[in-house]
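A look at the structure
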Amino acid sequence: MKSLTQSLEDYLEAIWVTSLKEKVVRVKNIVKRLNVKTASVVGALKILADKGLVIHERYGYVELTQQGIDRAKKIYERHETLTKFFHEILGIEFESAVKDACQVEHYLNKDTMERIVKFIKFIETCPEGEPLWLSRFHYFVRHGEHPEKCCREGNSMQVDDGRDQVNKEHVKLSTLKVGQEAKVVRVSAESSLKRRLLDMGMVPGTKVRLEKIAPLGDPIDVIVKGYHLSLRKEEASAITVEIQSSAAKEDA
Amino acid sequence: MAQTIRIALAGNPNSGKTSVFNNLTGSRQHVGNWPGVTVEKKEGRFFYDEVEVTVVDLPGTYGLTAYSLDERIAREFLLHETPDLVVAVIDSSNLERNLYLVAQFLELGLNLVLDLNMMDILEARGVSINTEALSSILGIPVVKTVANKGIGIDALRKAIVETATEQQKEITFKIDYDRDIEAEIETLSELLKDKKLSKPYPLRWLVVKLLEGDPEVLDQVKTWPQGKEIQQRVLESRIKLERHMGYDLETAIVERRYGFLDGLVRECSKKKLGIKERLDVSDRIDSVVLNKVLGIPIFLALIWLTFQLVFALGNPIADWIDALFGWLGGAVSAGIATIGGPVWLSSLVSDGIISGVGSVLVFLPNIMLLFLVIAILEDSGYMARAAFVMDRFMHALGLHGKSFIPLLIGFGCNIPGIMATRTLESRKDRILTILVNPLMSCSARLPIYILFAGAFFSKHQGLVLFSLYLTGMVLAILIARLFKTIFFKEEVAPLIMELPPYRMPQLKGVFIHMWERGSLFLRKAGTIIVAGVMAIWLLASLPIGVEYASQESLIGKLGSLFAPLLEPAGFGFWQAAVALIFGILAKEIVVGTLGTLYGVGQEGLRVALLQYFTPVSAYAFMLMCLIYIPCIPAIATIKRETNWRWTGLAVGYTLLLGWIVAVIFFQLASAFV
């Protein structure tokens, strides 16, 4: 497959996208979409027709050949993928992501592109939803720091595996409703707080129950290992739990 | 053979450890502080079978990490002072979590006796414990007690003495941390085996602590020859294990420890303590006391009751003591005069010594009553609930839920207010609460406000009073936030607090508690108060021959010296300055001093004030009296509870703040009025 110039790729993509929306594609649709002069569009169409990608009669509709459709789809997918990468993973604003995707897409070589596609697929097909490290990264972007000091003095590594995946039932202890029961999944806080919570019995697998919320809304009273422990929501949010019962009878 | 042994009492907070201590030792107790810190250290003694046993009560802790002060004290003591025996007191109704600490004691290789306290609560729930099984698995003697009813104490004494005088058995106790961790423990143990340095720690304990990442042990190892190598090996083990297990090693180790205890409790108790089975009396009380609607009204009502008890009941007794010492001073000085003693001597005795001692004792009724109420609130389990209810509000001010009560008590008197901060665990919260406590306008300042407000704002007395109290509170909030950011920026004080089951406070325990803390005030703060009173007496009496507190006395000269500084605040005359200096003795003295200095009695004072003060400068003076330097007893108490540096800060900032606020008010108000 012969390579196309950046602008030709853009034209091809524009024709394809327009063809999905409109019954027929006219030159003026493309002019409008790409914000270029009619003459340029006509010129480009001629080259694309020469390459066997489009069929274009002068003053008539523009049609893509099968080859053209395949080609355009690839370009479009590549564009989408990059937009996704920029927007959903790196967290760039959607509009900037689209723009940058337009710019970058033409310069990446095939291997890089393929790897990015794989990367996105890896994340998208993750059975437990968005991986924890990714939400951590987004937190990091927003706040300029790690959500918890997970890298203790830099000599202990935070290891993520199945336990660290956030799925629908994994929530912070602070978000439980009164009467709800849950199981501790993990405690992630700076060392002294974490140790205190562990010592108090908040170890993985332990059953907890949110018993009460203080009249002013904070702290909370949790039953763990058969006793009442009160925590501020701030501290409780360091504890990830897996909801066991959603029945919150006492909750008003 | 007369033998002496030394034992330690250790256990979780709320395990009834204090009850056990009180019942073991009776009244033979001594209260001091642990070296260098203001954590209470209690020691007591008892005799059994001709053996004298000294009992050291360790701070109640949940673990033995190096992170909290209490835990460090306990750990240091157990590791370095090697008591002959440790009695682990546990709340049997909360077996698993209480045994967690015991497991750590066992890992430390301590000579232990296990005291299953509060057996009655457990039995009332229909749970029985197989003590033989527990004893044989842990390899230590187990005694059942109900300390607050005195049950089982003799058996405990017997077990203590017998175990301590026997040859210590080989420690067989070992928690199995699973194959992978055990393999690493083994390799590391090999590495550390011939290091004599590892003493006084048991080898296995040391290795486990290293793997847990205990900062203190890690630091210590760093200083050893080959420390770097050991550290490297530990790090490798840790990474290897974490990679294998998929989560961090510290969590894994604690989890295994609890896993072991879960099994132990299952095996040794008949009815497992499930989560739902605990809906007992305590929970029913809480459903009212911590109720969304009733929680705060109940809290406020209890505080009001505390206030009434401490002040309404205490103040008449305090007045009586005050009158007694006043009469005593008068009588003694009259007596000295009749036998022809010099005037300075009678003044020294009556104005110096007797009034000095009097000003210490005058606080005693309030303080004793306060500690009585606090002991009841604490022992019953309500104190934790009070913190639970108020924490949101106090946390917003940068303080702790438990700070509320000390601050509120400060409105009555700052001294018990400052002493009440003992209920706070975190150093940061304690110091902040102490530092801002003087801004709570105590009742001794009330006579000043009443005098000035009556003279200058007779139509708006209530409003003026209210504005002053409010100013104090607002300043307290601002200062607390300021000091928090300056001094405790890094320190986080999380709220992780057990809400213990409600219990009937034990009369004996409550009174012992009251007496300990009250007498501590007498002994420690008392000396500073008497010294302060003497110093002021000297200033007022020197040079020799001068009329007491006149303009020619040292204090009068000091007043003249400081008067120009007070000019921008609108009361730049020596009488005001001297009154303020005397006010450091006790704020209410300001009124009497002004009366004396203007040469009028209490009655003529209002008229006299009208000549010297304008309404604006009067208000500025009241602001000054509200904020400036805490009284000497308060200063002494702050010193008692902290150190000279914090005390200096408390004196310095209040003086500066008082002056600034008075000056700003006077200048602004003068410009507008």
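Because the structure is a prediction, the values reported are computed rather than measured.

1. Concerning unusual backbone geometry
Following D218 of chain A, the chain continues to P219 of chain A via a peptide bond in cis, the omega torsion being -5°. Despite not being glycine, M118 of chain B has its phi angle at roughly 55°, a positive value. One can find M118 of chain B in the loop between β6 (112-117) and α4 (119-124).

2. Let's talk about the pattern of salt bridges
Following the criterion strictly, the structure yields 32 salt bridges over all chains and no others. Here the salt bridges do not stand alone but share partners, grouping R195 and D199 of chain A together with E107, K209, E212, E250 and R257 of chain B into one network.

3. A closer look at the interface of chain A and chain B
For interface size, the figure often reported is the accessible area lost on association. The interface is formed by 47 residues belonging to chain A together with 56 residues belonging to chain B. Between chain A and chain B, a total of about 4700 Å² is buried, with carbon and sulfur atoms accounting for 58% of that surface. If you sort the residues of chain A by the area they bury against chain B, R195, P215 and R232 of chain A come out on top, with a joint share of 16%. Our count for the chain A to chain B interface comes out at six salt bridges. For D248 of chain B, the salt bridge identified is with K194 of chain A, shortest N-O distance 2.8 Å. Joining chain A to chain B, the criterion identifies 15 residue pairs in polar contact (both at pLDDT 80 or more). Among the secondary structure elements, those contributing two or more residues to the side of chain A that touches chain B are α8 (191-199), β5 (207-213), β6 (220-224), β7 (227-231) and α9 (233-236) of chain A. In terms of residue count, α8 of chain A provides more of the side of chain A that touches chain B than any other element does, nine residues in total.

4. Overview of the confidence of the model for chain A
Residues and elements named next belong to chain A. Per-residue confidence for chain A gives a mean pLDDT of 78; residues scoring 70 or more make up 83%. Per-element confidence in chain A is highest for β6, whose mean pLDDT is 93, and lowest for helix α7 (residues 132-143), whose mean pLDDT is 74. Low pLDDT (under 50) marks residues 247-252, which in the prediction has seven contacts with non-local residues, meaning those over four places away or in another chain.

5. Thoughts on the pairing of strand β3 (residues 40-48) of chain B
Residues and elements named next belong to chain B. Of the strand pairs in this sheet, β3 and strand β4 (residues 51-57) are connected by seven bridges, and their pairing is antiparallel. Its bridge partner lying in β4, K42 is registered against D57. Linking two consecutive strands that pair antiparallel, namely β3 and β4, is a turn of two residues; a positive phi of about 55° is found at D49 within it.

6. Focus on the domain arrangement of chain B
By the assigned domains, chain B splits into domain 1 (3-165), domain 2 (179-246) and domain 3 (534-672). Domain 2 of chain B and domain 3 of chain B are separated by 62 Å when their C-alpha centres are compared.

7. A closer look at the side chain of N12 of chain B
Residues and elements named next belong to chain B. Here N12 is to be found in the loop between β1 (3-11) and α1 (17-25). In this structure N12 comes out as buried when scored by relative accessible area, which is 1%. A polar contact of 2.9 Å, which involves the side chain of N12, links it to the side chain of R97. If sequence neighbours within four positions are ignored, N12 has contacts with G60, T61, Y62, V89, R97, N98 and L101.

8. What to know about the domain arrangement of chain A
Split into domains, chain A comes out as domain 1 (6-70) and domain 2 (168-245). One C-alpha centre belongs to domain 1 of chain A, the other to domain 2 of chain A, and the line joining them spans 60 Å.

9. A short note on the nonpolar core
The biggest cluster of nonpolar side chains holds 130 residues, and the ones touching the most others in it are F452, F571, F613 and F621 of chain B. Membership of the second largest hydrophobic core comes to 96 residues, among which are M202 of chain A together with V56, L58 and Y62 of chain B.

10. With respect to the pairing of β6 of chain A
Residue and element names in this part refer to chain A. Burial analysis of β6 places five of its five residues in the buried class, the great majority of the element. With burial as the criterion, each face of β6 is covered, one bearing I220, V222 and V224 and the other bearing D221 and I223. Between β5 and β6, which pair antiparallel and follow one another directly, the connecting turn spans six residues, one of which, G217, has a positive phi of 95°. Inspection of the sheet shows β6 paired to β7 by five bridges, in the antiparallel sense. Within β7, the position partnered with V224 by the bridge is Y227. Between β6 and β7, which pair antiparallel and follow one another directly, the connecting turn spans two residues, one of which, K225, has a positive phi of 50°.

11. A word on the packing of α8 of chain A against helix α11 (residues 249-268) of chain B
Here α8 of chain A crosses α11 of chain B at 15°, and the two axes come no closer than 10 Å. Relative to α11 of chain B, the element α8 of chain A lies roughly parallel. Note on packing geometry: the crossing formed by α8 of chain A with α11 of chain B is right-handed. When α8 of chain A is examined against α11 of chain B, the residues K194, R195, L198 and D199 of chain A are found in contact with a partner set consisting of E250, T251, V254, R257 and Y258 of chain B. Broken down by class, the residue content of the contact of α8 of chain A with α11 of chain B amounts to three nonpolar, one polar and five charged.

Quick notes on the rules
- Residues numbered from 1 in each chain as written.
- Chains lettered and ligands numbered in written order.
- Predicted model: local features only at pLDDT ≥ 70, side-chain atom pairs only at ≥ 80, totals over all residues.
- Heavy atoms only, no water.
- Helix = DSSP H or I, 4+ residues; strand = E, 2+ residues; numbered from the N terminus.
- Salt bridge = Lys/Arg side-chain N within 4 Å of Asp/Glu carboxyl O.
- Contact = heavy atoms within 4.5 Å.
- Buried area = accessible area lost by both parts, 1.4 Å probe.
- Polar contact = N/O pair within 3.5 Å; in protein donor to acceptor, adjacent residues only side chain to side chain.
- pLDDT = per-residue confidence, 0-100.
- Pairing = 2+ DSSP bridges.
- Domains from an automatic or database assignment.
- Buried < 20%, exposed > 50% of the residue type's maximum accessible area, 1.4 Å probe, protein only.
- Core = buried A, V, L, I, M, F, W, Y, C linked by side-chain atoms within 4.5 Å.
- Axes fitted to C-alpha atoms, helices over the stretch in contact; angles between N-to-C directions.
- Parallel < 35°, antiparallel > 145°, perpendicular 65-115°, else oblique.
- Left-handed = near helix turned anticlockwise from the far one by under 90°.
- Nonpolar A, V, L, I, M, F, W, Y, C, P; charged D, E, K, R; others polar.

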